[in-house]
Amino acid sequence: MPEAEFSLDSVSVLLVWTAIAIYALAFVAYAVDLARRSDLAVKAKDAAPVRELVAAGGSTISRVRAQEDAALAAVEARPGARPRYIWARIGTSLTVLGFLFHVGADITRGIAAGRVPWSNMYEFALTGTMLIIAVYLFVLLKYDLRFLGTFITGLVTVLLGATAIWFYTIVVPLSDPLKSVWLVIHVFVASLATALFALAFALSVTQLLQARRERLAVAADEASTTGDEVAVAGAGAAGAAGAAGKTGKTGPRFLRTLPSSDALESLAYRFAIIGFIFWTFTLIAGSIWANDAWGRYWGFDTKEVWTFVIWVLYAGYIHARATRGWRGTRSAWLSIVGFAAVMFNFTIVNMFFKGLHVYSGLS
Amino acid sequence: MSNSPSDPALAPELVEGPGTDPLRPSDHADGTREITQPQLGFVGWLRWGWRQLTSMRTALVLLLLLAIAAIPGSIFPQRTADPNGVIDFQTKNPDLYPVLNGMQLFDVYSSAWFSAIYILLFISLIGCVLPRTKHHFKALKARPPRTPARLSRLDDHAETLRPVAEGTDAGASAAHIVDVAQAQLRKAGYRVERYDTAAVGGRPAVASVSAERGYARETGNLVFHAALVGVLISVGVGGGLTYTGQTVIVEGDSFVNSLGLGYTSFNPGRFVDSEALPPYSLTLDSFDVSYVPVGESGQGMAGDFSANLTTREPGQDAKEQSVRVNHPLDMAGDRIYLMGNGYAPTITVRNPDGDVVFREDVEFLPQDANMTSQGVVKITDGLSDQLGLVGFFYPTAMTLHSGALTSAYPALVSPLLTFWVYAGDLGINDGTARNVYALDPSEMTLLAGSTSDVAALQLEPGQTVDLPNDMGTITFEDNTANGGAETVKRYVSLSIHRDVGAPFVLAFAVIALLGLLAALFVPRRRLWVKAVPADGGVRIEYAGLARGEDPAIAVAVADLQRGLETALDGEKA
Ligand code: HEM
């Protein structure tokens, strides 16, 4: 913690903590939303004509599919035409508010330091988390991904909190190797890529949950048709589905308001490929910088190794999506592993691995 | 979301267009073919093996293996990046070291297993890309596929009935509508082909246009993969033509780019002719550095390093240039980097008669951020015994509570030089090269400093003190007396590189990135417009089919419909 005396940097710290508090509240609001949104969705359905359910013929999987199709339409709806999840709205409003404080914190830090605020671990985390929120809010304009709000605000609350507690470093002048336009470009684009990978990761996780729900629904149908022959098929399926729903065997109830695992996968893929492009650029820009600063464009320095590993993992993910037998659940795991590597690179590698990239400012 | 690349329920003519679809390994997610069992016989097995190697699954597995195999290199110190780390590891883990070394874990990126993975990957890549390239060249010339009989079976499909004015021929009107659609599609960058059928028996004439776009997607994919091969080759070939060398220059001194004269170390690639280095010379005129003043945050931090050189090339005027961090100097195809700096106190040793037996700028290696530095002086001839002096230099000397000296600030505020003195055999008479920065005192006696009873010699700039045992005197020259800007000279260490491959690596990397952009974001899709006379008007059908990831296919069909109707309405008015 800095001294109590007034400085722009201490204002920045104050803003950081305010942002953290607001994000924590946003997280709570989003969590309440997830807990409640399935009920809201069910009520909305009841009010609407139950055409889909009838058309679906009553089998569990077709009921699930109908829910998913409606959810997909809602995800792709224009901002004005989205379902009115009141807690999600509160969550988003709080996120925007927290974001404003976050931006304030970042800018005051930048002014206090007299340079771009991403030159050591503290500043990098500060800006990186800000970009995660920025990308999330930006994406909300096109897709209603508020169901990822808990993940995004939770992630940022934890990262930013840890940053403020453990990574804080006072403003010191830049060391010579960091005085480069490539710092501005390379690090900024890397943060953007990280934000996109985070979204892809969250979508891949929901994809896995949804895929499980779909599998269970199919299994329930099979059980009911191959099971008691006497029972009326429709009633049996409805019963099985009801039982599964009540006992929570199909996973969290909010899954009912989410699109199909296929649709989630395709969304995850979209963010991952944009992230991949940015990451490729990061790799190239980093090499150009390394060639100026260290006299070689590539030297398998620890940080370079991990940047490469992440790049190859995501190349693998993209391939997996195009490989028979790997599309779906398996490729989703690769997206999850990829993001785990990104987080590992940012935390563990920065703090504990030895290498030339000693910009953490921690000792 | 109708972007699933293919729907098995579709008619085969949609899935297998007449040669315009990209060729894919047989286990690609879009494919319908299975890898067949190997035919009997050697050739059959070979073909089967080759198909396995160039399959999507193999590529995927090799990619994942590559990622995993790269990780140990970030855990264990690597000889190329951190040679001292390896030595350190060896001393700390003498038992583990040979095992890990045998597994090439200190040379991961040149190890047999790492090489095997990437070489296989690239063989697979080439084997995969070559046939696809050949196929794609043909596809680029092919026409868009025939309009399917029933467009309504496609996910993205729309249909309208357009009345025709009385007295107009519905067939002609249908053809006209498709003409307009064709013009629009062509303008939008689609390759178009008409598939009209004349009226047969009871069936009316059908006008239709088939349009396809996004060949750049496959082009981009192929360019991307090929550029990766380019990167690999540039790295490999470039490595053989690359050299790096290190040198140290003290203020006022010069470096000549020649192996025998200038370098303290030199690592040439396999194909480098070390005898034919470009002739040039560098003179260090001065070295600039600024330190953060005492009392400010980051106190003592050094920055704004600049080695100011006079450079000379044959047939050219001397030039004044500087080398800074992040700003290497280009000289005759070499790049010169500033790697380090330090102090080089000028030391004079005289024998008891007052004759100079040694006079040199001795480079001291910095030990900490405040430039506490260490150096060694070896006097082989001219005194009664060989002398070895281990020196410590403190630019801003300060005494700690313990009585030990330290440097409190990196600039020359109160410079102080101390020496431990050893006499005896320096161990350099047998002609083997010795490290100039280290002294081997095993054959020597300690005369002053360290554990000896005699205190270490202490000198400030300009001072002279006696050596122990009346062996003579030693002087720490004040450089300002010789016209220098500071009391002590500085030196820089420079690294000189020639990397022939780097520009090619960069070029291929950028091409790969551009290819990737096209491969991932250019939508590849087919659109159809069909017009059939029906019920006193013309029934217009629109349909689209995504070929690969295409989130906007539905929008594209809707746009097509809107565009055509607007144009037709405009005609009427
Ligand atoms: C160094 C190794 C490789 C890397 C880094 C790599 C990377 C990529 C990337 C990033 C893509 C997505 C871009 C696109 O769709 O065009 C891709 C696609 C593709 N790669 Fe590779 N690749 C490698 C090796 C291979 C090999 C060995 C094969 C052949 C077996 C292959 C076949 C393909 C195919 C067919 C696609 C298109 C996938 C689709 O239809 O979407 N790649 N690759």
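As the structure is a prediction and not an experimental result, all values here were calculated from the model.

## Considering the packing of aromatic side chains
Counting across every chain of the model gives 34 aromatic pairs over all chains. On the numbers, 5.2 Å between centres and 80° between planes, the contact of Phe255(B) with Tyr263(B) is edge-to-face. The two residues Phe255(B) and Tyr263(B) agree in class, both being buried. Directly above the ring of Tyr269(A) sits Arg321(A), whose terminal nitrogen or CZ lies 4.3 Å from the centroid. Its guanidinium or amino end placed over the ring of Tyr190(B), Arg213(B) lies 6.0 Å from that ring's centre, counting from NZ or CZ.

## With respect to the coordination of the iron atom of the ligand
Around the iron atom of the ligand, the protein contributes the donor atoms His319(A) (NE2) and His225(B) (NE2), at 2.0 Å from the metal centre. Around the iron atom of the ligand, the 6 donor atoms are arranged such that angles at the metal cover 81 to 178°; this shape is classified as octahedral. Of the two residues, His319(A) is situated in helix H10 (residues 302-321) and His225(B) in helix H9 (residues 215-240); the pairing between them involves two chains. Residues His319(A) and His225(B) agree in their burial class; the two are buried.

## Details of the environment of Gln246(B)
All names here are of chain B. Along the chain, Gln246 falls in strand S4 (residues 243-250). The sequence separation of Gln246 and Asp355 amounts to 109 residues, and the corresponding C-alpha distance is 34 Å. In this view, Gln246 contacts Tyr263, Thr264, Ser265, Asn267, Leu494 and Ser495; residues no more than four positions away in its chain are not counted.

## Topic: the site of the ligand
Around the ligand, a shell composed of 25 residues is seen, among which His319(A), His28(B), Cys128(B), Asn221(B) and His225(B) lie nearest. In this structure the ligand sits where residues from chains A and B come together. Interatomic distance of 2.8 Å between a side-chain N/O atom of His225(B) and a nitrogen atom of the ligand. It is helix H7 (residues 112-141) of chain B that provides the largest number of residues to the shell around the ligand, a total of 5 residues. Taken together, the residues that form the shell around the ligand break down as 16 nonpolar, 7 polar and 2 charged.

## Some thoughts on the pairing of strand S26 (residues 537-546) of chain B
All names here are of chain B. In terms of burial, S26 is largely enclosed, as 9 of its 10 residues are buried. Note that strand S1 (residues 156-163) and S26 share 8 bridges and pair antiparallel. Paired with Asp156 across the strands is Gly544, a residue of S26. Sheet topology places strand S25 (residues 525-534) next to S26; 10 bridges connect them, and they run antiparallel.

## Digging into the confidence of the model for chain A
Residue and element names in this part refer to chain A. A residue-level look at chain A finds 83% of positions with pLDDT of 70 or above and a mean pLDDT of 83. For the stretch residues 48-56, pLDDT sits under 50, and the model shows 7 contacts to residues farther than four places along the chain or on other chains. A low-confidence stretch, residues 228-248 stays under pLDDT 50, and its non-local contacts, those more than four residues away or across chains, total 13 contacts.

## Side note on the packing of helix H9 (residues 261-293) of chain A against H10(A)
Residue and element names in this part refer to chain A. Taken N-terminus to C-terminus, the directions of H9 and H10 make an angle of 150°; their axes are 10 Å apart at the nearest point. Put simply, H9 runs roughly antiparallel to H10. When you trace H9 past H10, the crossing you get is left-handed. Contacts between H9 and H10 involve Glu265, Ala268, Tyr269, Ala272, Ile273, Phe276, Trp279, Thr280, Leu283 and Ala290 from the former and Glu304, Thr307, Phe308, Ile310, Trp311, Tyr314, Ala315, Tyr317, Ile318 and Arg321 from the latter.

## Here's the deal with the interface of chain A and chain B
Each partner contributes residues to the interface: chain A has 55 residues there, and chain B has 58 residues. Approximately 4,700 Å² of surface area, both sides summed, lies buried where chain A meets chain B, with 67% of it carried by carbon and sulfur atoms. When residues of chain A are sorted by the area they lose upon contact with chain B, Asp176(A), Tyr297(A) and Arg324(A) head the list and together hold 16% of the total. The tally of links from chain A across to chain B stands at 2 salt bridges. Linking chain A to chain B there are 8 residue pairs in polar contact (both at pLDDT 80 or more). Those elements giving two or more residues to the side of chain A that touches chain B turn out to be helix H3 (60-76), H9 and H10 of chain A. In terms of residues, the side of chain A that touches chain B owes the most to one element, H9(A), which gives 16 residues. Within the side of chain A that touches chain B, the residues separate by chemical class into 35 nonpolar, 11 polar and 9 charged.

## Let's talk about the sheet that holds strand S23 (residues 473-476) of chain B
Residue and element names in this part refer to chain B. Taken in spatial order, the 4 strands make up an open sheet running S13-S12-S23-S22, and their pairing is antiparallel. Among the strands making up the open sheet, the edge pair consists of strand S13 (356-361) and strand S22 (464-466). On average, each strand axis in the sheet is inclined to that of its neighbour by 15°, with strand direction left out of account. The sheet contact formed by S22 and S23 spans 3 bridges and is antiparallel. Following the sheet pairing, Asp466 is matched in S23 by Thr473.

## Describing the packing of helix H4 (residues 86-113) of chain A against helix H5 (residues 121-140) of chain A
All names here are of chain A. Interhelical geometry of H4 versus H5 gives an angle of 145° and a closest axis separation of 10 Å. The element H4 and its partner H5 pack so that their crossing is left-handed. Contact residues: H4 offers Thr92, Thr95, Val96, Phe99, His102, Val103, Ala105, Asp106, Arg109 and Ala113, while H5 offers Tyr122, Glu123, Leu126, Thr127, Thr129, Met130, Ile133, Ala134, Tyr136, Leu137 and Leu140. Split by residue class, the contact of H4 with H5 holds 13 nonpolar, 5 polar and 3 charged.

## Let's talk about the environment of Val342(A)
Residues and elements named next belong to chain A. If you trace the backbone, Val342 turns up in helix H11 (residues 329-352). The class of Val342 is buried, set by a relative accessible area of 3%. Along the backbone, Val342 and Ala193 are 149 residues apart, and their C-alpha atoms lie at a distance of 9.7 Å. When near neighbours in sequence (up to four residues on either side) are disregarded, Val342 contacts Thr194, Phe197, Ile310 and Tyr314.

## Some words on the side chain of Thr475(B)
Residue and element names in this part refer to chain B. By the element assignment, Thr475 lies in strand S23. At 3.4 Å, the side chain of Thr475 and the side chain of Arg350 are in polar contact. Dropping the residues within four chain positions of it, Thr475 is found in contact with Thr346, Ile347, Thr348, Arg350, Leu459, Gln463 and Thr464.

Conventions adopted
Residues numbered from 1 in each chain as written. Chains lettered and ligands numbered in written order. Predicted model: local features only at pLDDT ≥ 70, side-chain atom pairs only at ≥ 80, totals over all residues. Heavy atoms only, no water. Phe/Tyr/Trp six-rings, centres within 6.5 Å; stacked < 30°, edge-to-face > 60°. Buried < 20%, exposed > 50% of the residue type's maximum accessible area, 1.4 Å probe, protein only. Lys NZ or Arg CZ within 6 Å of the ring centre and 35° of its normal. Donors = N, O, S within 2.8 Å, 3.2 Å for Na, K, Ca; no water. Tetrahedral: all angles 85-135°; square planar, octahedral: opposite > 155°, others 65-115°. Helix = DSSP H or I, 4+ residues; strand = E, 2+ residues; numbered from the N terminus. Contact = heavy atoms within 4.5 Å. Near = heavy atom within 4 Å. Polar contact = N/O pair within 3.5 Å; in protein donor to acceptor, adjacent residues only side chain to side chain. Nonpolar A, V, L, I, M, F, W, Y, C, P; charged D, E, K, R; others polar. Pairing = 2+ DSSP bridges. pLDDT = per-residue confidence, 0-100. Axes fitted to C-alpha atoms, helices over the stretch in contact; angles between N-to-C directions. Parallel < 35°, antiparallel > 145°, perpendicular 65-115°, else oblique. Left-handed = near helix turned anticlockwise from the far one by under 90°. Buried area = accessible area lost by both parts, 1.4 Å probe. Salt bridge = Lys/Arg side-chain N within 4 Å of Asp/Glu carboxyl O.

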